[in-house]
Amino acid sequence: MEGEGELGSSINGGRLLFFSLPLQGHMTPMLHLAAILHSKGFSISFIHTKFNAPNSSKYPQFTFHPLSDHLSESETAGLSVFDLAYLINDKCSEPFRDLLTEFFTDSSENRPYALFSDPALTFTRDIAKSFALPRFVLRTSGIGAFLVYSSFPLLQEKHYLPIQASQLEQSVGDLPPLRVKDLPAIGVPDMETFTKYISELVEEAKTSSGVIFNSFEELEDSAMAVLRQTFPVPIYPIGPFHLYSPPNSSSYLTPDRTSISWLDKQAPKSVIFVSFGSVASLKQRECLEIAWGLANSGCHFLWVIRPGSISGMNRQDALPEQFMDMVEGRGYIVEWAPQHDVLAHPAIGAFWTHCGWNSTLESICEGVPMICTPRFADQMVNCRYATNAWTIGVELRDGLERDNIAKVVRRLMVEEEGLEIRQRALDLKMKAKLTVTQNGGGASFESLKSLMSCLSSSS
Ligand code: UDP
């Protein structure tokens, strides 16, 4: 923990600070990480923006510290992840410094040992340093995707970036199994701002006391090996976080439990679960094609359509007329699902996902094969790993068209190939279960042990 202060030698009740970006895909793993470290004897102080605050009642064992961020709904509506991060960096620096001052003038037993923050919260670095507070970062993507981000300078040097339309199918020699079109820069409207954001993110990680991943080495061993060699600080892949203990719900939206009672009435492995996460949106045309594709596949489906997730339209207007009558008995639509429980349900046969990292990992943990429709950023990388390295899914990326959709759904749900893919997904599920256990010789178990010993020893 070079230059970033010392940790106390006893962890018993020692305080750790956590600070996440207020987005579902970031907040959930940060809360889970805090719960894991709480179970190891630490006290947890969870710092957050008032905007998209976590539900503190679900975590009575933590203390919550809202910052006076003055972020309004209108300011944050529709912002991309990195624009939101910039806004928070702008607004939260002073309140964060004030809060740390309180912690450090407080009685000695309340003084924090370390901060766990999102690397997108760049202002935390200098402020933590000024208090000699060790800072770890939780990177909420996979290791493979982070390796790509940290290779941006190389990718620019070798002219893979900015992406040229003529190169899309070309392999990225330095980063197998990726093609140019899998790089997380595809479709980025302002490459300069995006590259700056990525380079700051990587710099935050490089100057931290260690980078934590909600992933496991048995899954991402080759990316991990490269990162370990090239990265200047320790890397701790200690996931899947939610396998240490059943997670409390950290959803911003209320999960619709009728989806579970509906699944209870379905045959084993007969339902495809369709969800594109908490951020991605669909064009009306895409929504229509998905609806017809699902209907024409003849398969049963549970589909999450988040409020506001179809550009400029509500769900009723976006779906084909009489759609629910047409698919009665075999289709069910909710605004938000209890995804962990859905994926673990015996009726689920496949997951049609946007390949957000949390969704990818949750699917792996339940041995559910995937249809991968990435929309942006690291989802492209996760899709490529799922379909080409782990071979637990099929890609459905460019042809969001009803006949193609019906064909791909049947390929996974009905055809022989689907059975083989499911078997590989089940093998990976077993590895995920073992990695967090001592008896399974798990790499994540060992990695958590080294994080603990780093936390409990002085630098
Ligand atoms: N999720 C959920 N219910 C839903 C859809 C998503 O609980 O109906 C959760 C899902 O379990 C995951 C998170 O939302 O933990 C989405 O994170 P991910 O990284 O997959 O994608 P993002 O939303 O960040 O694009």
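What counts as what
- Per chain, residue numbering runs from 1 following the sequence as it is written.
- Per-residue local features are limited, in this predicted model, to residues with pLDDT of at least 70; the limit for side-chain atom pairs, both in listing and counting, is 80 or more; totals at the level of whole chains, interfaces and linings are taken over all residues.
- Side-chain numbers come from the whole structure's heavy atoms, not from hydrogens or water.
- Helix and strand assignments follow DSSP, with helices taken as H or I runs no shorter than four residues and strands as E runs no shorter than two, numbered in order from the N terminus.
- The globule rule used here is 2.2 Å times the number of residues to the 0.38 power, and the radius of gyration it is set against is calculated over C-alpha atoms.
- The contact criterion used is simple: two residues touch if any of their non-hydrogen atoms lie within 4.5 Å.
- All accessible areas in this document rest on Shrake-Rupley with a 1.4 Å probe, and a residue is counted as covered only by the protein chains that are shown.
- In summary, the charge assignment counts Lys and Arg as positive and Asp and Glu as negative, without counting His or the chain termini.
- Charge positions come from single atoms, namely NZ of Lys, CZ of Arg, CG of Asp or CD of Glu.
- The predictor attaches a confidence to each residue, called pLDDT, with possible values from 0 through 100.
- One requirement defines pairing of two strands: DSSP has to find at least two bridges between them.
- A fitted line through C-alpha atoms serves as each axis, taken over the contacting stretch for helices, and the angle formed by two N-to-C directions is quoted from 0 to 180°.
- Burial here depends on accessible area, computed with a 1.4 Å probe over protein chains only, as a share of the maximum for the residue type. Under 20% is buried, over 50% is exposed, and the range in between is partly exposed.
- The arc under discussion is defined with respect to the helix axis, by the directions toward the C-beta atoms.
- Salt bridge criterion: a side-chain nitrogen from Lys or Arg within 4 Å of a carboxyl oxygen from Asp or Glu.
- In what follows, roughly perpendicular refers to angles from 65 to 115 degrees, roughly parallel to angles under 35, roughly antiparallel to angles over 145, and oblique to any angle outside these ranges.
- What makes a crossing left-handed is the near helix being turned counterclockwise from the far one by less than a right angle; a clockwise turn instead makes it right-handed.
- Charged means Asp, Glu, Lys or Arg here, nonpolar means Ala, Val, Leu, Ile, Met, Phe, Trp, Tyr, Cys or Pro, and polar covers whatever is left, Gly included.
- For this description, a residue counts as near a given molecule or strand if any of its non-hydrogen atoms is within 4 Å of it.
- Side-chain atoms alone can form a polar contact between residues adjacent in sequence; in general such a contact is a pair of N or O atoms within 3.5 Å, and within protein one must be able to donate a hydrogen while the other accepts it.

Turning our eyes to something else, we now look at the overall build of the protein chain. Looking only at helices and strands, one finds 18 helices and 13 strands in the protein chain. In summary, the protein chain has a C-alpha radius of gyration of 22 Å against a globular reference of 23 Å for 459 residues, a match within 12%. On the principal axes, the C-alpha backbone points of the protein chain span a range of 65 × 50 × 50 Å. Sequence-distant contacts in the protein chain: of pairs separated by 6 or more residues, those separated by 24 or more amount to 72%. Accessible surface computed for the protein chain: about 18,500 Å², of which carbon and sulfur atoms make up 49%. Computed over 38 positive and 51 negative side-chain charges, the separation of the two mean positions in the protein chain equals 4 Å.

Taken residue by residue, the protein chain gives an average pLDDT of 93. The fraction at 70 or more is 96%. Note on residues 1-10: pLDDT under 50 across the span, and 37 contacts to partners over four residues away in sequence or across chains.

Right, let's get into the sheet that holds strand S1 (residues 15-19). The sheet built from 7 strands is open, its strands ordered S3-S2-S1-S4-S5-S6-S7 with parallel pairing. With partners counted over all chains shown, the strands left at the sheet margins are strand S3 (63-67) and strand S7 (235-237), one partner each. Ignoring which end each strand starts from, the neighbouring axes of this sheet average 25 degrees apart. With 4 bridges connecting them, strand S5 (residues 135-139) and strand S6 (residues 210-213) associate as parallel partners. Residue Phe 136 lies in a different strand from S6, and its bridge partner there is Gly 210. Contacting S1, strand S4 (112-117), S5, S6 and S7, helix H18 (residues 443-456) runs over the sheet at an angle of about 135 degrees to S7.

A few words now on helix H8 (residues 221-230). For H8, every residue scored as buried is listed here: Ala 223, Met 224 and Leu 227. Mapping the buried residues of H8 onto a view down its axis gives an arc of 100 degrees, with all of them on the same face. Buried residues along H8 sit in contact with helix H5 (143-150), S6, S7 and helix H15 (378-389).

Turning next to the sheet that holds strand S10 (residues 331-334). Strand order in the open sheet formed by 6 strands is S10-S9-S8-S11-S12-S13, with parallel pairing between adjacent strands. Only two strands of the sheet have a single neighbouring strand rather than two, namely S10 and strand S13 (393-395). Shown here is a sheet whose adjacent strand axes are inclined to one another by a mean of 15 degrees, direction ignored. As paired elements, strand S8 (residues 271-275) and strand S9 (residues 300-304) share 4 bridges and run parallel to each other.

Using the criterion set out here, one finds 17 salt bridges in the structure. Salt-bridge contacts for Arg 397 lead to Asp 182; the nearest nitrogen and oxygen are separated by 3.1 Å. Of the two residues, Arg 397 sits in the loop between S13 and helix H16 (402-413) while Asp 182 sits in the loop between helix H6 (152-157) and helix H7 (191-206), which places them 215 residues apart along the sequence. Assigned by exposure class, Arg 397 and Asp 182 land together as buried. Across the salt bridge formed by Glu 446 and Lys 449, the nearest N and O atoms sit 3.6 Å from each other. Of this pair, Glu 446 and Lys 449 are both found in helix H18, 3 residues apart, which corresponds to roughly one turn of the helix. Exposure remark for Glu 446: the relative accessible area of 40% places this residue in the partly exposed category. According to the relative accessible area criterion, Lys 449 is partly exposed, its value standing at 45%. One network of salt bridges, with partners in common, ties together Arg 179, Asp 182, Arg 384, Glu 395 and Arg 397.

Right, let's talk about the side chain of His 32 for a bit. As for its position among the elements, His 32 is in helix H1 (residues 24-39). Taking the relative accessible area as the measure of exposure, His 32 reaches 8% and is therefore buried. Not counting the four nearest positions on each side in its chain, His 32 is found in contact with Tyr 59, Phe 241, His 242, Pro 247, Asn 248 and His 340.

Interhelical geometry of H5 versus H8 gives an angle of 40 degrees and a closest axis separation of 8 Å. Classified by the interaxial angle, the pair formed by H5 and H8 is oblique. For the element pair H5 and H8, the recorded crossing hand is left-handed. For the pair H5 and H8, the contacting residues are Ile 143, Gly 144, Phe 146, Leu 147 and Ser 150 in the first and Ala 223, Met 224, Val 226 and Leu 227 in the second. Of the residues assigned to the contact of H5 with H8, the class counts are 7 nonpolar, 2 polar and no charged.

Turning to the site of the ligand, a few remarks are in order. Neighbouring the ligand are 18 residues; Ser 278, Ala 337, Asn 358, Ser 359 and Glu 362 lie closest to it. Ser 278 has a polar side-chain atom sitting 2.4 Å from an oxygen atom of the ligand. In the environment of the ligand, an oxygen atom lies 2.6 Å from a nitrogen or oxygen atom belonging to the side chain of Glu 362. Out of a free accessible area of 530 Å², the ligand has 92% covered by protein chains. Mapped by element, the contributors of at least two residues to the shell around the ligand are H1 and helix H14 (357-365). With 4 residues, H14 is the single largest residue contributor to the shell around the ligand. Per-class residue counts for the shell around the ligand are 5 nonpolar, 12 polar and 1 charged.

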